[in-house]
Amino acid sequence: MHNPIPPKERMKIHRQLMPEQPPLERARNFVEVNRGLDVALAQEEARRCLTCKTQHCFSACPVGVQVRDFIDLVVAGDYLGAAAKIREDNVLPAVTGRVCPQEKQCEGSCILSARGESVAIGYLERFVADYERSVGKVGLPARAPLTGKKVAVVGSGPAGLSCAGDLVLKGHDVTVLEALHEIGGVLVYGIPEFRLPKQIVRDEVENLRLMGVEFRTNVVVGRTVTVDELLGEEGYHAVFVATGAGLPMFLNIPGEHLCGVYSANEFLTRVNLMKANEFPAYDNPIYDCRGKDVAVFGAGNTAMDAVRTSLRLGAKCASIVYRRSEKEMPARAEEVHHAKDEGVQFQMLTNPLEFLGDEKGWLTGVRLQRMELGAPDKSGRRSPVAIEGSEHVLPIHVAIIAIGNKGNPLVQSTTPDLATTRNGYIVADAEKLKTSKPGVFAGGDIVTGGATVILAMGAGRKAAKAIHEYLQSGIW
Ligand code: FAD
Ligand code: SF4
C-alpha cells in the first residue's frame, strides 16, 4: 500500500467537497452540476482511505469494484492503473461514479461513515474514469479466445450493458438489441444531461463496441423479432432480457387527460432524446415551460430530475407535490439538496384530487388536499391520511406525474412460456437469473421493479456468469 500517512492522521482529514456550479446559475442551464475533483482534491480524498483488511466497501458494491486497491493506485498517482482496476469489475465507471447511491452501497459501509464522513468513493471513481477519458487511454480488459456461441441481450440499459461487457470478454459473440434509437436505457432517456452528460454514456458504449459488443438500435423485441425467433432461426444460444421498468404509472384522478399533463418518462425523454431544451433550434416537441407554473407529483429521483429539468426549461415556479413528509421521500439526499438550492418549492403532505382545465382542454390548475401521517403501512412508512376541509386549488400550467413505473410488457406478452409475477415482472431466480424458459435469463428492473443503476449492473454480471456456465455445460 502506498499511503504515507499513518492511519490515525488520515482520520483527521475531512471529506473533500465536490465543486459545483453555483445554484442559481445552473438552474437555468443544462451543463453538469458537479464539476468533479481535480488532482489535488482527489489525492487528499484518497489519502483518507484506511486501507482496511476487511473490505466492507468491496462487499457492499453490487459489481464488486476493488475499492481499496483502486484508491491505493490513486494515492500512488497511477490514475490509469486505478481506472483499469475498476474496469475489471465495472464497465461503466464514469456513469456509476456519478449516479450510484453510494451512501447506500460502498460508502454506506465504509467504517468512516460512522463519523458521518465516509471516503468519497464515488467522487474518486468518477475522477479516475474522467482522467482516463481526458488522456484518451482507456485500459480495456483483454478478450478470451472466441467460443462461437451467440448471445442476444434485449435492452441496452445498465443491466444489458454490464452483461454484454462480461460475456464478450469470455469470448462469446454478443449482440445488444435496443428498441430506441440510442443505446443506454434510462442513462440516456431518463437521467438528465446536468447529472449525467450523454457524451459520457456514448463514450462508455463505444468502449464496449471496441471490446467487441455489437449494437442494433430500433429493434423492438416482440415486434421486429420475438424471443423464440432469436433462439430459433436467428441462431442465438441464449437470451438475456433486460428491458427495464419504463411503463409509467398514473394517478388515475379526473383531468389526467388534459393537455399539459405528462408522465415524467415522456417529459424527460422528450428533453433528453428529442432536444426539447434546444428550442427553437430544434422544433420543440414539448409544451413550452417558459414563465409557467409546473408541479411534479412524486418525490423519487425521477421527480427531482423532472422538476429540475422544468426549471432549466424556464419554469417560473417549479414545485414538488408529495403526500408524505420529507423524511419519507425516496430521492437521494444529494438530489433533494440540489433541487432546494436551485429554488424548487416543496409542498409536503399534499395529495392531488383532480386536474382542472379550460374549455379548450388545457390544464389550468390542480385541486389539492392536505394530509397528515397516520399509522405505518406495509412498507413500514407512516401512511398519509387526508385532513377534512383542507382542499384548495393550485394554479399550474404543466403537471408531471412521477409516481413510479411498471415493467415494459412486450417481451412477456409475446413469449408465452415466460413466467411473470402478478405485477407483470419476469420471474427469474435470484442467483442464476434463469427464467421459466430454457435459454432465457432476465435481470435488472424488469425483474426487480424500478431500482438502481448499480443493482441492474450487478444483475447483468450475475447473468453473464450464469450464461457463460450454461453455454459451456449445455445444462439448464
Ligand atoms: P433500463 O435502463 O430501463 O433499460 C431498459 C432498456 O430496454 C431501454 O433502453 C428500453 O428502451 C429497452 N427495451 C424495452 N423493451 C424493449 C424491447 N421490447 N425490445 C428492445 N429493447 C427494449 N438509479 C440510480 O442508481 N441513480 C440515479 O440517479 C437514478 N436516477 C434515475 C432517474 C430517472 C429519471 C429514472 C427513470 C431512473 C433513475 N434511476 C437511477 C434508476 C435506474 O436508472 C434504473 O434502475 C436502471 O436504469 C435499470 O436498468 P435496466 O438495464 O434494468 O433498465
Ligand atoms: Fe460504489 Fe457504485 Fe463504484 Fe460500486 S460502482 S464502488 S457502489 S460507486
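Above this text is the structure in question.
Computed from a prediction, not measured in an experiment: that's the story for all the values here.

### A closer look at the site of ligand 1
Okay, so step 1: V99, E178, R195, V221 and D445 are the nearest of the 35 residues found near ligand 1.
Okay, so step 2: Taking A179, its main chain carries an N or O atom lying 3.1 Å from a nitrogen atom of ligand 1.
Okay, so step 3: In this structure, R195 approaches ligand 1 through a side-chain N or O atom, which is 2.8 Å from an oxygen atom.
Okay, so step 4: Secondary-structure elements contributing two or more residues to the shell around ligand 1 are α9 (158-169), α14 (301-312) and α18 (453-473).
Okay, so step 5: Looking at the shell around ligand 1 element by element, the count peaks at 3 residues for α14.
Okay, so step 6: Classifying every residue of the shell around ligand 1 gives 19 nonpolar, 12 polar and 4 charged.

### Topic: the sheet that holds strand β8 (residues 317-321)
Okay, so step 1: Pairing in this open sheet of 5 strands is parallel, and the strands run β6-β14-β7-β8-β9 from one edge to the other. Since the sheet does not close on itself, it has two edges, and those belong to β6 (261-263) and β9 (345-347), each with one partner. Between one strand axis and the next, the sheet turns through 25° on average, direction left out of account.
Okay, so step 2: Note that strand β7 (residues 293-297) and β8 share 5 bridges and pair parallel. Note on β8: the bridge partner recorded for D293 is C317.
Okay, so step 3: Contacts from helix α13 (residues 264-272) reach β6 and β14 (398-401), with the element oriented near 85° to β6.

### A look at the packing of aromatic side chains
Okay, so step 1: Applying the stated criterion across every chain, the model contains 9 aromatic pairs.
Okay, so step 2: Taken together, a centroid distance of 6.4 Å and an interplanar angle of 35° make the contact between F127 and Y131 tilted. Of this pair, F127 and Y131 are both found in helix α8 (residues 121-135), 4 residues apart, which corresponds to roughly one turn of the helix.
Okay, so step 3: On the basis of relative accessible area, F127 is assigned to the buried category, the value being 6%.
Okay, so step 4: In this arrangement the basic side chain of K340 is found over the ring face of F346, its NZ or CZ atom lying 5.6 Å from the centre.

### Some details on the site of ligand 2
Okay, so step 1: Around ligand 2, the surrounding shell consists of C61, V65, V67, N90, T96, C100, Q102, Q105, C106, E125 and I454.
Okay, so step 2: Along the lines of polarity and charge, the residues of the shell around ligand 2 split into 6 nonpolar, 4 polar and 1 charged.

### Notes on the packing of α9 against helix α11 (residues 198-211)
Okay, so step 1: Running from amino to carboxyl end, α9 crosses α11 at an angle of 25°, the nearest separation of the two axes being 10 Å. As judged from the angle between their axes, α9 and α11 are roughly parallel. Considering only the axes of α9 and α11, their crossing is left-handed. Of the residues in α11, those in contact with L161, G165, V168 and L169 of α9 are V205, L208 and M211.
Okay, so step 2: For the contact of α9 with α11, a count of residues per class yields 6 nonpolar, 1 polar and no charged.

The rules behind these values
Numbering of residues begins from 1 in every chain and follows the order in which that chain's sequence is written. Labels follow written order: the first chain is A, the first ligand is 1, and so on. Selection of residues for local features in this predicted model requires a pLDDT of at least 70, selection of side-chain atom pairs for listing and counting requires 80 or more, and totals for whole chains, interfaces and linings are taken over all residues. Water and hydrogen atoms were dropped before computing side-chain values, which therefore reflect all heavy atoms in the structure. If a single non-hydrogen atom of a residue is within 4 Å of a molecule or strand, that residue counts as near it. For the purposes of these results, a polar contact is taken to be a pair of N or O atoms within 3.5 Å, where, inside protein, one atom must be able to donate a hydrogen and its partner to accept one; residues adjacent in sequence count only when each atom of the pair is a side-chain atom. By the criteria applied, helices consist of DSSP H or I runs no shorter than four residues and strands consist of E runs no shorter than two, each listed in order from the N terminus. Any residue outside Ala, Val, Leu, Ile, Met, Phe, Trp, Tyr, Cys, Pro, Asp, Glu, Lys and Arg is labelled polar, Gly included; the first ten of those are nonpolar and the last four are charged. One bridge is not enough; two strands pair if DSSP finds at least two bridges between them. Axis definition: a line fitted to C-alpha atoms, over the contacting stretch in the case of helices. Angles run 0 to 180 degrees between N-to-C directions. The contact rule is simple, with two residues in contact once any of their heavy atoms fall within 4.5 Å. Any two rings among Phe, Tyr and Trp, with Trp reduced to its six-membered ring, count as a pair given centres within 6.5 Å; such a pair is stacked if its planes are under 30 degrees apart, edge-to-face if over 60, and tilted if neither. The buried label goes to any residue with under 20% of its type's maximum accessible area, the exposed label to any with over 50%, and the partly exposed label to all in between, with areas taken from a 1.4 Å probe on protein chains only. Geometrically, a charge over a ring is one whose NZ (Lys) or CZ (Arg) sits within 6 Å of the ring centre while staying within 35 degrees of the ring normal. For classification purposes, an angle smaller than 35 degrees is called roughly parallel, one larger than 145 roughly antiparallel, one from 65 to 115 roughly perpendicular, and anything else oblique. Each crossing gets its hand from how the near helix is turned against the far one by less than a right angle, where anticlockwise is left-handed and clockwise is right-handed.

All we've got here are geometric facts, nothing functional implied.
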